[in-house]
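What follows is the residue order along each chain.
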Amino acid sequence: MLPAPAVPPWLDAMLPFRRYALEVRGYRMHVMESGPSDAPAVLLVHGNPTWGFLYRKVAKALEGVRLRLVMPDLVGLGLSEHPREAEVHTLDFHVRQLGALVDALKLTRFSFVGQDWGGPIGGGVCADRPERVSGVVLLNTVMGPPKEGFRPTAFHRFSRLPLVSDVVFRLGNFPARGMAFAQGNRSSVKGDVGRAYRWVLRDRRSNVAPLALARMVPDSLSHPSIPRLEQCDAWLRGFSGPSAVVWGHRDPVLGRLFKRIRGAVPKARVWETQAGHFLQEEVPEEIAQAIRFVTSA
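About the thresholds
- Residues numbered from 1 in each chain as written.
- Predicted model: local features only at pLDDT ≥ 70, side-chain atom pairs only at ≥ 80, totals over all residues.
- Heavy atoms only, no water.
- Pairing = 2+ DSSP bridges.
- Helix = DSSP H or I, 4+ residues; strand = E, 2+ residues; numbered from the N terminus.
- Axes fitted to C-alpha atoms, helices over the stretch in contact; angles between N-to-C directions.
- Buried < 20%, exposed > 50% of the residue type's maximum accessible area, 1.4 Å probe, protein only.
- Right-handed = clockwise from strand over helix to strand, strands pointing away.
- 1 Å grid on protein atoms, 1.4 Å probe; cavity = no way out; pocket = protein on both sides within 12 Å on 5 of 7 lines; lining within 4 Å.
- Points joined across faces, edges and corners; volume = space filled by probe spheres on them.
- Nonpolar A, V, L, I, M, F, W, Y, C, P; charged D, E, K, R; others polar.
- Parallel < 35°, antiparallel > 145°, perpendicular 65-115°, else oblique.
- Left-handed = near helix turned anticlockwise from the far one by under 90°.
- Contact = heavy atoms within 4.5 Å.
- Phe/Tyr/Trp six-rings, centres within 6.5 Å; stacked < 30°, edge-to-face > 60°.
- Lys NZ or Arg CZ within 6 Å of the ring centre and 35° of its normal.
- Core = buried A, V, L, I, M, F, W, Y, C linked by side-chain atoms within 4.5 Å.
- Salt bridge = Lys/Arg side-chain N within 4 Å of Asp/Glu carboxyl O.

J.: Could you clarify how one ought to interpret the sheet that holds strand S8 (residues 269-273) in this entry?
T.: Adjacent strands of a sheet pair through backbone hydrogen bonds, lying either parallel or antiparallel. With mixed pairing, 8 strands are arranged side by side in an open sheet as S1-S2-S4-S3-S5-S6-S7-S8. Two strands lie at the open edges of the sheet, namely strand S1 (18-24) and S8, each paired on one side alone. Neighbour-to-neighbour, the strand axes of the sheet open up by a mean angle of 20 degrees, direction not taken into account. Bridge count between strand S3 (residues 41-45) and strand S4 (residues 68-72): 3 bridges; the pairing is parallel. When the sheet's bridge partners are listed, Ala41 is paired in S4 with Arg68.

J.: Honestly, the pairing of strand S6 (residues 133-139) in this entry has me stumped. Any pointers?
T.: Moving residue by residue along a regular strand, the side chains alternate between the two faces of the sheet. When you tally the buried positions in S6, you get 6 out of 7 residues, the bulk of the element. Relative to S6, strand S5 (residues 110-115) is paired through 6 bridges, and the arrangement is parallel. By the bridge assignment, Gly114 is partnered in S6 with Leu138. Taken together, S5, helix H4 (residues 118-128) and S6 constitute a β-α-β crossover, and its handedness is right-handed. Pairing between S6 and strand S7 (residues 243-248): 4 bridges, direction parallel. Opposite Val137, over in S7, you have Ala244 as the bridge partner.

J.: Just to check I follow, could you spell out the layout of surface pockets for this structure?
T.: Summary: where empty space remains is shown by rolling a probe the size of a single water molecule over the atoms. Of the volumes computed, that of the largest pocket is approximately 820 Å³. Taken together, 36 residues line the largest pocket, and the ones lying closest to its centre are Thr153, His156, Val217, Val253 and Leu254. Within the residue set of the lining of the largest pocket, elements represented by two or more residues are helix H5 (154-158) and helix H8 (209-215). Per element, the largest residue contribution to the lining of the largest pocket is 3 residues, and it comes from H5. A breakdown of the residues in the lining of the largest pocket according to their chemical character gives 24 nonpolar, 7 polar and 5 charged. Taken as a whole, the second largest pocket holds about 220 Å³ of empty space. Around the second largest pocket, the lining is made up of 13 residues, and of these Arg28, Gly78, Ser80, His82 and Val200 lie nearest the centre.

J.: Could you clarify how one ought to interpret the packing of helix H3 (residues 91-104) against H4 in this entry?
T.: Contact geometry of H3 with H4 gives a least axis separation of 8 Å together with a crossing angle of 60 degrees. Relative to H4, H3 is oriented oblique. The way H3 lies across H4 gives a crossing that is right-handed. Facing H3, whose interface residues are Leu91, His94, Val95, Leu98, Gly99 and Val102, H4 presents Pro120, Ile121, Gly122, Gly124, Val125 and Asp128. Here the contact of H3 with H4 is built from residues that sort into 7 nonpolar, 4 polar and 1 charged.

J.: Looking at this model, I keep getting lost on the packing of aromatic side chains. Mind explaining?
T.: Describing an aromatic ring pair means giving the distance of the ring centres and the angle of the ring planes. Under the counting rule described, the total for this entry stands at 9 aromatic pairs. Their ring planes at 50 degrees and their centres at 6.0 Å tell us that Phe155 and Phe174 sit as a pair that is tilted. Note that Phe155 is positioned in helix H5 and Phe174 in the loop between helix H6 (164-171) and helix H7 (191-199), a separation of 19 residues in sequence. On the basis of relative accessible area, Phe155 is assigned to the partly exposed category, the value being 23%. A ring pair is formed by Phe158 and Phe169, whose centres lie 6.3 Å apart and whose planes are at 20 degrees; its orientation type is stacked. One end of the pair, Phe158, is in helix H5; the other, Phe169, is in helix H6, with 11 residues separating them in the sequence. Through successive ring pairs, a cluster of aromatic residues spans Phe155, Phe158, Phe169 and Phe174. When the ring centre of Phe53 is taken as origin, the NZ or CZ atom of Arg56, which lies over that ring, is 3.9 Å away. Its end group placed over the ring of Trp199, Arg202 keeps NZ or CZ at 3.8 Å from the ring centre.

J.: What am I meant to see in the nonpolar core here?
T.: Nonpolar side chains in soluble globular proteins generally cluster together in the buried interior. Core analysis: the biggest nonpolar cluster contains 99 residues, and Leu11 and Ile291 have the highest contact counts within it. By residue number, the principal contributor to this core is H3, which donates 7 residues. In this structure, Ile291 is in contact with Val42, Leu44, Val58, Leu62, Leu67, Val113 and Val137, ignoring residues within four places of it in sequence.

J.: Sorry if this is basic, but what is going on with the side chain of His89 here?
T.: Mapped onto the elements of the fold, His89 is located in the loop between S4 and H3. Filtering out sequence-adjacent residues up to four positions away, His89 remains in contact with Val75, Gly76, His94, Val208, Ala209, Ala212, Leu213 and Met216.

J.: Would you take a moment to explain the pattern of salt bridges for this structure?
T.: Pairs can form between side chains of opposite charge once their charged atoms are near each other. Tallying each qualifying case throughout the model produces 16 salt bridges. With its nearest N and O atoms 2.9 Å apart, the salt bridge here joins Arg68 to Glu33. Of this pair, Arg68 sits in strand S4 while Glu33 sits in strand S2 (residues 27-34), and the two are 35 residues apart along the sequence. Across the pair, Glu33 and Arg68 agree in class, each one buried.

By themselves, these are just geometric observations and shouldn't be taken as functional.
Rendered as structure tokens:
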């Protein structure tokens, strides 16, 4: 293990976790953990443009529950290494990268929690290691390929506009600077919370991941992400362990896809909320309940 990257005092005070870094497949990855190291493991995977910080309230709500919460930062985001080459960011790359981290941490049995891109990235890891997955919690994510005739969201169409999207994402630190507009309660990412999401992407030379991950979303059925999304969908539909869904219906990006997720995991226990896209900031207690459910079933 390597020392964790330094953070300013105001941010360090918000991270009461064990923090470290690992060199994984040539990239440094930052990881935070909470709970006993020998307890049942829970892998909590964030999406775009966030980092493991997103799960801090969930970890707080699980204090006293004997679980090892593992909260990594995806490459290009958070305090993990930020490659400057946008072409690095493919769904297959992130699945392989996170999978190598899971192997390095010797997570031989774990429950999986995924939100946004953390769903299919973590789902791909699970699909490659199905015998090691004991439970699943899904939070406002898409776990499979789009249907024939689909239309990308306005956000994802904008991400493909030449030049304009580069300026807005790279120079304007978008969408980290606009996270509040995806929330049910816009004040949930105000002050130092919003500052924490922006701070880790402050270097305009290396903040390529948010735009690259937006472009990882398929705009056609021949998109490079499709094979991994198909694999993830097949694994999820065949998963027989305990599962749960916590959904924020006020999510302007993925909220309308609730029925699709329910169709993939029809036996899942469900918590429906009025949270937005980054529901960990709004309904951490419900997410903690879902984690307790799948880890105690």
